[in-house]
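So you can see what is in the structure, the chains are spelled out below.
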Amino acid sequence: MKIFRGVGVSAMALSLAMTAAAKAEDVEVLHWWTAGGEAAALNVLKENLAGQDIGWLDMPVAGGGGEAAMTALRARVTAGDAPTAVQMLGFDILDWADQGDVLANLNDVAAEENWDSVIPAAIQKFSKPGDAWIAAPVNVHSTNWVWANKAVLDELGIAEPTTWDEFIAALQAAKDAGKVALAHGGQPWQEATIFDSVVLATGGPEFYQASMIDLDPEALGGEQMVQAFDKMAQLRGFVDDNFSGRDWNLASAMVINGEAAFQIMGDWAKGEFINADKVPGTDFLCFRVPGTEGNVTFNSDQFVMFQQDDEAATAAQNAMASAIESPEFQIAFNKVKGSVPARTDVPSDEFDDCAKKGMEQLAAASEAGTLLGSMGHGHANPAAVKNAMYDVITAHFNGEYDSATAAEEMVNAVEAAQ
Ligand code: GAL
């Protein structure tokens, strides 16, 4: 962390700083991994670093999707006290890269360990925006997943749905049986996570690219967008009365314990199932949101390294980056986190069936050009545009807009945010 910045460091601050500097081999890490499965995965990294005598100063900032964490980061950097490493997504990384000379250069580690050839181009777009590696990608998550309680589906005689209409029928059957059909937490980032899939299911990768990534007003305000919002309205009819404000992992718990049948959520949800000792195919099903098969809306968690004042802190930072990209860590961490490795050369045999499916589909989508940056998780456009979309999607989900108005508002909100 930055210790000496500016003038007038008081004697007390100096003595505190000297103490802190004595422990400079610690890494201070800002992140939002506070749910059970996330914390379990993070422990893999903490233990890995402890094995290298690198201490961990934890700076957790709760709040799914990382909005609160990014706000806390801005305050720390403004105060001249940047953490060693920060969990960050996609376009937020690019925004920080544009802030001039605040990020560390990881090229020495990257060159030594051949990151250029093992990290996919879709990820490098964010990790290495120019000539310098400024972040270490930890994983690849994807958002277009459904998580289902297998016992509930078996009890109700519901087969895994393969089309949108079959999915709606399955949700209706669960609701008619008195179950919570769709476990959901009413927070903008969670509605946006579902919206990734609803846009894909409505108009396929071309429509997703045009609307979510290219921000084409014709796509944002056209008939297909109205249809996408109509699908969101359908899903709104399947959530329980207490959905508003619920944290995502509590929605996952509803599926885990059989209170709910389905959840549409990124595969960090699988980390909750794994943390609850649930087994894919036995206790739960994982399948792509019907209508999105063949496409993957991805987001990669990366640790962005901020420049440090002294060599020991910089050395610890490089050791952390190196640990993150090691094949052993990539396997151990992603097995617990629910994501798949950021490296393409990691074998899948130690992973469960959901992860194996995810790794195959990621490779196939990358090959087919249907690996698309998640709008909901900052991989489609910068935060201002993402947050503008969040506002419209959530307003519609909460009944403030009908679908036609929501499509119009998408055009207006995105235009105002650009
Ligand atoms: C995502 C992040 C995941 C998980 C999720 C829920 O943005 O990539 O690792 O933290 O938010 O908070």
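Residues numbered from 1 in each chain as written. Predicted model: local features only at pLDDT ≥ 70, side-chain atom pairs only at ≥ 80, totals over all residues. Heavy atoms only, no water.

The name an unreviewed UniProt entry assigns to the protein chain is Probable sugar-binding periplasmic protein, from the organism Paracoccus tegillarcae.

Let's talk about the site of the ligand
As a matter of local geometry, the ligand sits amid 15 residues, with Glu38, Asn299, Asp301, Lys337 and His377 nearest to it. The separation between an oxygen atom of the ligand and a polar side-chain atom of Trp33 is 2.9 Å. Burial of the ligand by the protein amounts to 100% of the accessible area it has alone, namely 300 Å². When grouped by side-chain class, the residues that make up the shell around the ligand number six nonpolar, six polar and three charged. (Near = heavy atom within 4 Å. Polar contact = N/O pair within 3.5 Å; in protein donor to acceptor, adjacent residues only side chain to side chain. Areas by Shrake-Rupley, 256 points an atom, 1.4 Å probe, with all protein chains shown as cover. Nonpolar A, V, L, I, M, F, W, Y, C, P; charged D, E, K, R; others polar.)

Examining the packing of helix 2 (residues 36–50) against helix 14 (residues 268–275)
It is at 7 Å that the axes of helix 2 and helix 14 come closest, and there the two elements cross at 85°. Between helix 2 and helix 14, the interaxial angle falls into the category roughly perpendicular. Residues Gly36, Gly37, Glu38 and Ala40 of helix 2 touch helix 14, and the partners they reach there are Gly271, Glu272 and Asn275. (Axes fitted to C-alpha atoms, helices over the stretch in contact; angles between N-to-C directions. Helix = DSSP H or I, 4+ residues; strand = E, 2+ residues; numbered from the N terminus. Parallel < 35°, antiparallel > 145°, perpendicular 65-115°, else oblique. Contact = heavy atoms within 4.5 Å.)

Some points on the sheet that holds strand 11 (residues 301–305)
Pairing between the strands of a sheet comes from backbone hydrogen bonds, and it takes one of two forms, parallel or antiparallel. In spatial order, the strands read 2-1-3-11-4; together these five strands make up an open sheet with mixed pairing. Every other strand in the sheet has two partners, leaving strand 2 (56–60) and strand 4 (135–137) as the edge strands with one partner each. Averaged over all adjacent pairs, the angle separating strand axes in this sheet is 25°, with direction ignored. Where strand 1 (residues 27–31) lies against strand 2, five bridges are found, and the strand directions are parallel. Residue pairing across strands places His31 opposite Pro60, the latter belonging to strand 2. Sheet strands in contact with helix 4 (residues 90–97) are strand 3 (85–89), strand 4 and strand 11, and its direction is about 125° off that of strand 3. (Pairing = 2+ DSSP bridges.)

A closer look at the environment of Phe126
Looking at where Phe126 falls in the secondary structure, it is placed in helix 7 (residues 121–127). A relative accessible area of 1% places Phe126 in the buried class. With 49 residues separating them in the primary sequence, Phe126 and Val77 have C-alpha atoms 20 Å apart. Setting aside residues no more than four positions away along its own chain, Phe126 makes contact with Gly90, Phe91, Ile93, Leu94, Ile134, Phe298, Gln302 and His379. (Buried < 20%, exposed > 50% of the residue type's maximum accessible area, 1.4 Å probe, protein only.)

A look at the sheet that holds strand 9 (residues 284–288)
Spatially, 7-8-6-9 is the arrangement adopted by the four strands of the open sheet, whose pairing is mixed. Sheet topology places strand 7 (180–182) and strand 9 at the edges, where each strand pairs with a single neighbour. Put simply, the sheet's adjacent strands are angled 20° from each other on average, direction ignored. In this sheet, strand 9 lies alongside strand 6 (residues 145–149) in antiparallel orientation, the contact comprising five bridges. Across the sheet, residue Ala148 finds its bridge partner in strand 9, namely Leu285.

Here's the deal with helix 14
Each turn of an α-helix holds 3.6 residues, which means side chains three or four residues apart point in the same direction. Across the eight residues that make up helix 14, a large majority, six, are buried. Asp277, located one to two residues past helix 14, shows a positive phi value of around 60°.

Description of the pattern of salt bridges
Enumeration according to the criterion identifies ten salt bridges in this entry. Here Lys46 and Asp58 are joined by a salt bridge, their closest N and O atoms 3.8 Å apart. You can see Lys46 sitting in helix 2 and its partner Asp58 sitting in strand 2, a full twelve residues away along the chain. Looking at Lys46, the relative accessible area reads 24%, which means it is partly exposed. One salt bridge connects Asp240 with Arg246, and the closest N-O pair in it is separated by 2.6 Å. (Salt bridge = Lys/Arg side-chain N within 4 Å of Asp/Glu carboxyl O.)

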